[in-house]
Amino acid sequence: MQNQRTTTEWRELDAAHHLHPFTDTNSLNEQGARVITKADGIYLYDSEGNKILDGMAGLWCVNIGYGRKDLPEVAKRQMEQLAYYNTFFKTTHPAVVELSHLLAEVAPQGFKHVFYTNSGSESVDTMIRMVRRYWDVKGKKDKKTLIGRWNGYHGSTIGGASLGGMTYMHEQGDLPIPGIVHVEQPWWYKHGKDMTPEEFGLAAAKWVEDKILEVGADKVAAFVGEPIQGAGGVIVPPSTYWPEIQRICQKYDILLVADEVICGFGRTGEWFGQQVFGFTPDIFTTAKGLSSGYQPIGAVFLNDKVATTLAEGGDFNHGFTYSGHPVAAAVAHANVKALRDEGIVDRVKNDTGPYMQKRWREVFGQFEHVDDVRGVGLIQAFTLVKNKATRELFPNFGEIGTLCRDIFFKNNLIMRACGDHIVSAPPLVISKEEIDQMLETAAKCMVEFEKQLKERGLV
Ligand SMILES: Cc1ncc(COP(=O)(O)O)c(CNc2cccc(C(=O)O)c2)c1O
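Residues numbered from 1 in each chain as written. Predicted model: local features only at pLDDT ≥ 70, side-chain atom pairs only at ≥ 80, totals over all residues. Heavy atoms only, no water.

**Q** For this particular structure, what's the right way to read the sheet that holds strand β10 (residues 298-303)?
**A** Through backbone hydrogen bonds, the strands of a sheet pair up, either in parallel or in antiparallel fashion. Read from one edge of the open sheet, seven strands run β4-β10-β9-β8-β7-β5-β6, paired in mixed fashion. Strand pairing shows two members of the sheet lacking a second neighbour, β4 (111-117) and β6 (180-183), which therefore form its edges. When strand polarity is set aside, the average angle formed by the axes of neighbouring strands in this sheet is 25°. The sheet contact formed by β4 and β10 spans six bridges and is antiparallel. Bridge pairing links F111 to N303 in β10. (Pairing = 2+ DSSP bridges. Helix = DSSP H or I, 4+ residues; strand = E, 2+ residues; numbered from the N terminus. Axes fitted to C-alpha atoms, helices over the stretch in contact; angles between N-to-C directions.)

Structure representation (structure tokens):
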């Protein structure tokens, strides 16, 4: 069991030894970290006894909800049976075989081959190496460039951070690496001007074609995108966007990659986001909902064309010590099986997802400085705007978002501010009653937010 310490003691030791990700260490240590001690269902509990509604499922990942009793049991049994062995030297083990078989069953048709990693970033870096290897084997060694989107997020490794379009990450570490370029994101509210969303979807897809022609199709290896950009602010593309992207990739013989790290495993009501938008990639990357965060694991899914070509190339010189880790694989298997057999994904598609989308629009559509209220399944967002009529955003994009997020946090409700987008992705097990409770709290916070906007002279 964890040492029982006071919050102050935990905070002091944390400040003395623990470096947090994406954090201004000095600023954090001035205020002290919030000590989360346990969780159950959709709720977190901190060391001060606060009960917090987790509208973000951790980091978009705890799809099955907190406090499962089965997954720890699975981990215990696997650890006792075979805590670890690698899959490098012509060996495998039952846990990773069973997981691979199950994933081939839940994946969209045509994806029967899976490569394992420990995170979404490693899945993305694996994909980059696979894409370039694919074209090497095909004898088109100049096809190395990958196209991503500005404000896309593909992780924090050198490859993932380069492919992502977060400039504040590029500035730290001299990124992007060579051979990675970006196009604008399909954010209708900001870039759509007087186009309908459908017209804008085609225009945004054409940015990809323009980039291909600029680089030279014979040099472009792949286009990579999240079906819905998650950390970029839940940017839901118009319906015309992805089918047009697919047509363009086929026209110029470019691999199409979907980064399903957030959209995968039921988040949108479909098993994978590609199924919502009606496109079929050649490769897709996953992590998060694969294990619902109970174990670190990621997976890269390949269609037959890519898998066969890589196999024709002989040794694929890539992999990780923990690729297909027995405990992670066993827990992921139990998690995915429960998402399927307990009807959790189906419920998101047919019940709680439509309910959330209806209520989310009813609640947030009523506020003066909220617009572009949007979402699919159980991933939703809205944008804080200065003037709805003119679609004018606030200056210093992100400042207002932090103000709003802090009001939620003070009311023990976790939602993310991605710039001035407020986003939510709760555990997929959230009930309709819990949705009502979450939105009732959120509505009160938004009344307070609108009040503070006026008091601070921001509107
Ligand atoms: C689409 C996508 N691809 C790759 C990654 C990287 O996964 P790992 O973190 O497991 O390496 C992600 C991760 N997404 C992510 C990770 C951490 C924070 C936030 C946030 O929204 O604040 C989002 C992601 O959202």
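Okay, back to it.
**Q** Honestly, the site of the ligand in this entry has me stumped. Any pointers?
**A** Near the ligand you find 15 residues, and of these W60, G120, S121, D259 and R416 are the closest. W60 places a side-chain nitrogen or oxygen 2.8 Å from an oxygen atom of the ligand. At a separation of 2.4 Å, an oxygen atom of the ligand approaches a polar side-chain atom of R416. When contributions to the shell around the ligand are tallied by element, the ones reaching two or more residues are α3 (57-60) and α6 (120-137). Each residue belonging to the shell around the ligand can be placed in one class, and the counts come to six nonpolar, five polar and four charged. Of the domains in this structure, domain 1 (34-67 + 343-455) and domain 2 (70-341) are the two that each give at least three residues to the shell around the ligand. (Near = heavy atom within 4 Å. Polar contact = N/O pair within 3.5 Å; in protein donor to acceptor, adjacent residues only side chain to side chain. Nonpolar A, V, L, I, M, F, W, Y, C, P; charged D, E, K, R; others polar. Domains from an automatic or database assignment.)

**Q** What is the right way to read the packing of helix α10 (residues 197-215) against helix α11 (residues 241-251) from this model?
**A** Packed helix pairs are characterised by how far apart their axes lie and by the angle those axes make with each other. Across the interface, α10 lies against α11 with an axial gap of 8 Å and an inter-helix angle of 25°. In terms of their interaxial angle, α10 and α11 are classed as roughly parallel. Here α10 runs over α11; the crossing is right-handed. Along its contact with α10, which presents G201, L202, A204, A205, K206, V208, E209 and I212, the element α11 presents Y241, E244, I245, I248 and K251. Of the residues assigned to the contact of α10 with α11, the class counts are eight nonpolar, one polar and four charged. (Parallel < 35°, antiparallel > 145°, perpendicular 65-115°, else oblique. Left-handed = near helix turned anticlockwise from the far one by under 90°. Contact = heavy atoms within 4.5 Å.)

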